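Geometric and topological summary
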Amino acid sequence: MSIKKTGLSILYALIISLGSVGAIPVSASQLSLETEAVGTGTSVEFSQIPAEKEEVELSLSYGYQNTAKPRRLLPVRMTVKNNRSTALSGRVELYMIESSDMVYCYEYPVSVEASGEQKISGNISIGENVGELLAVLKNDSGATLREETVRLNIDSSGPALFIGIISDDPTSLNFMSGVSLNNTALKARTLFLNADELPTTEEGLDQLDVIVISNYNVNLLDDEVISVIW
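None of the values given here were measured: they were computed from a predicted structure.

Let us look at the overall build of the protein. For the protein, the helix and strand inventory stands at 1 helix and 14 strands. Relative to its full complement of 230 residues, the protein shows a buried share of 39%. For the protein, the share of sequence-separated contacts (at least 6 apart) that also reach a separation of at least 24 residues comes to 70%. Looking at the protein as shown, the accessible area adds up to about 12,800 Å², and 47% of this sits on carbon and sulfur atoms.

Take the sheet that holds strand β5 (residues 56–62) next. In space, the 3 strands of this open sheet follow the order β5-β6-β9, with antiparallel pairing throughout. Among the strands making up the open sheet, the edge pair consists of β5 and β9 (117–126). For this sheet the average axis-to-axis angle between neighbouring strands, irrespective of direction, equals 20 degrees. Strand direction decides the pairing type here: strand β6 (residues 72–82) and β9, joined by 10 bridges, are antiparallel. By the bridge assignment for β9, Thr79 is matched with Lys119.

It is characteristic of soluble globular proteins that their nonpolar side chains tend to be buried jointly. With 27 residues, the main nonpolar core has Val80, Val92, Leu94, Ile124, Leu133 and Leu137 as its most contacted residues. Taken together, the elements giving at least two residues each to this core come down to β5, β6, β7 (88–99), β8 (102–112), β9, β10 (132–139) and β11 (144–151). If we skip the residues at most four places from it in the chain, Ile124 touches Arg72, Leu73, Leu74, Val76, Leu94, Met96, Tyr106, Tyr108 and Leu133. Counting 18 residues, the second largest nonpolar core, distinct from the first, contains Leu193, Leu205, Leu208 and Tyr216.

What the rule picks out here adds up to 6 salt bridges. With a shortest N-O distance of 2.7 Å, Arg72 and Asp209 are connected by a salt bridge. Remark: Asp209 occurs in the loop between β13 (187–192) and β14 (210–214) and Arg72 occurs in strand β6; sequence separation between them is 137 residues. Of the two residues, Arg72 and Asp209, neither departs from the other in class, the shared state being buried. Notably, a salt bridge pairs Glu117 with Lys119, separated by 3.6 Å at the nearest N-O pair. The class for Glu117 is partly exposed, based on a relative accessible area of 42%. It is possible to trace a salt-bridge network through shared partners that takes in Lys69, Arg72 and Asp209.

This paragraph deals with unusual backbone geometry. If you check the backbone angles, Ser115 has positive phi at about 55 degrees while not being a glycine. When you line up the elements, Ser115 lands in the loop between β8 and β9. Among the residues examined, Ser115 registers a relative accessible area of 63% and is labelled exposed. Positive phi, close to 55 degrees, is recorded for Asn215, a residue that is not glycine.

Within strand β12 (residues 160–166), 7 of the 7 residues are buried, which leaves the element mostly enclosed by the surrounding structure. Alternating positions in β12 separate into two faces, Ala160, Phe162, Gly164 and Ile166 on one and Leu161, Ile163 and Ile165 on the other, with burial throughout. As paired strands, β12 and β13 are joined by 6 bridges and run parallel to one another. Residue pairing across strands places Gly164 opposite Leu191, the latter belonging to β13. Strand direction decides the pairing type here: β12 and β14, joined by 4 bridges, are parallel. Paired with Gly164 across the two strands is Ile211, which belongs to β14.

Looking now at the environment of Arg151. On the secondary structure map, Arg151 appears in strand β11. The class of Arg151 is exposed, set by a relative accessible area of 63%. Arg151 sits 18 residues away from Leu133 along the chain, and the two C-alpha atoms are 6.4 Å apart. Beyond its immediate sequence surroundings of up to four residues, Arg151 is in contact with Tyr62, Gly131 and Glu132. Within polar-contact distance, the side chain of Arg151 engages the side chain of Glu132 at 3.4 Å.

Reading guide: rules and limits
Residue indices begin from 1 for each chain and proceed along its sequence in written order. Predicted model: local features are reported for residues with pLDDT of at least 70 only, side-chain atom pairs are reported and counted for 80 or more only, and whole-chain, interface and lining totals are derived from all residues. As a convention, hydrogens and water are excluded, and side-chain values are obtained from all of the structure's heavy atoms. Helical segments are the DSSP runs of H or I of at least four residues, strand segments are the runs of E of at least two, and each set is numbered from the N terminus. Burial status follows relative accessibility: with a 1.4 Å probe on protein chains alone, a residue under 20% of its type maximum counts as buried, one over 50% as exposed, and anything between as partly exposed. A contact between two residues is defined here by any heavy atoms of the two lying within 4.5 Å. Residue burial considers only the protein chains on display, and all accessible areas are found by Shrake-Rupley using a 1.4 Å probe. A pair of strands counts as paired when DSSP detects no fewer than two bridges linking them. Only the stretch in contact is used when fitting a helix axis, every axis being a line fitted to C-alpha atoms; angles between N-to-C directions are given from 0 to 180 degrees. Remark: nonpolar core denotes a set of buried residues (Ala, Val, Leu, Ile, Met, Phe, Trp, Tyr, Cys) joined through side-chain atoms within 4.5 Å. By salt bridge we mean one thing: a side-chain nitrogen of Lys or Arg within 4 Å of a carboxyl oxygen of Asp or Glu. Whenever a nitrogen or oxygen atom comes within 3.5 Å of another N or O atom, the pair is scored as a polar contact, on the condition that within protein one atom can donate a hydrogen and the other can accept it, and that pairs from neighbouring residues in sequence are kept only if both atoms are in side chains.

And the structure:
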């Protein structure tokens, strides 16, 4: 990827084109699950967790403003809360349902002190047919403690140019949303970024095609984040 620096002051505006990384993390492993035919398709069954279990909590979110673009690396964020009086050790298995009879699994180690929490983040590669993500929290013995499912919000209205905006006044740039580029079917879509939660790796920005920094003091950003944006 090649990025050219412009003569504009970065304190006022910065527009950077981002290329597609397109790599699958080495921690991903393809799983083969037992399936049962239903009509013309198949179904994949996962164990259900009793709703009364509240000693541990699991939450899952993805992308920017929970929006996903296929054929890109997708940032995922999970939080494990341990409300017990003893430490929790195990793993989170994140299943990406790629088709009706096959899934991919990413594993993340978990170690949470009593009455503590652990935040987990990563980047997963998603294809055109991914409909949802399933996160399963297991202890060291392999017993399932909690699970969380989210359906991916993939824009099917047509090709879109994702513009990430960092600004103290992001609404002033709303005019960019929905704009057709060069009279084509490609339309711009704006996504407001929280400057305090920007990724520290290039892969974490792969969902975005352009980043616009306007009306924001970039001196407030960590050097690592600035380096990743460049």
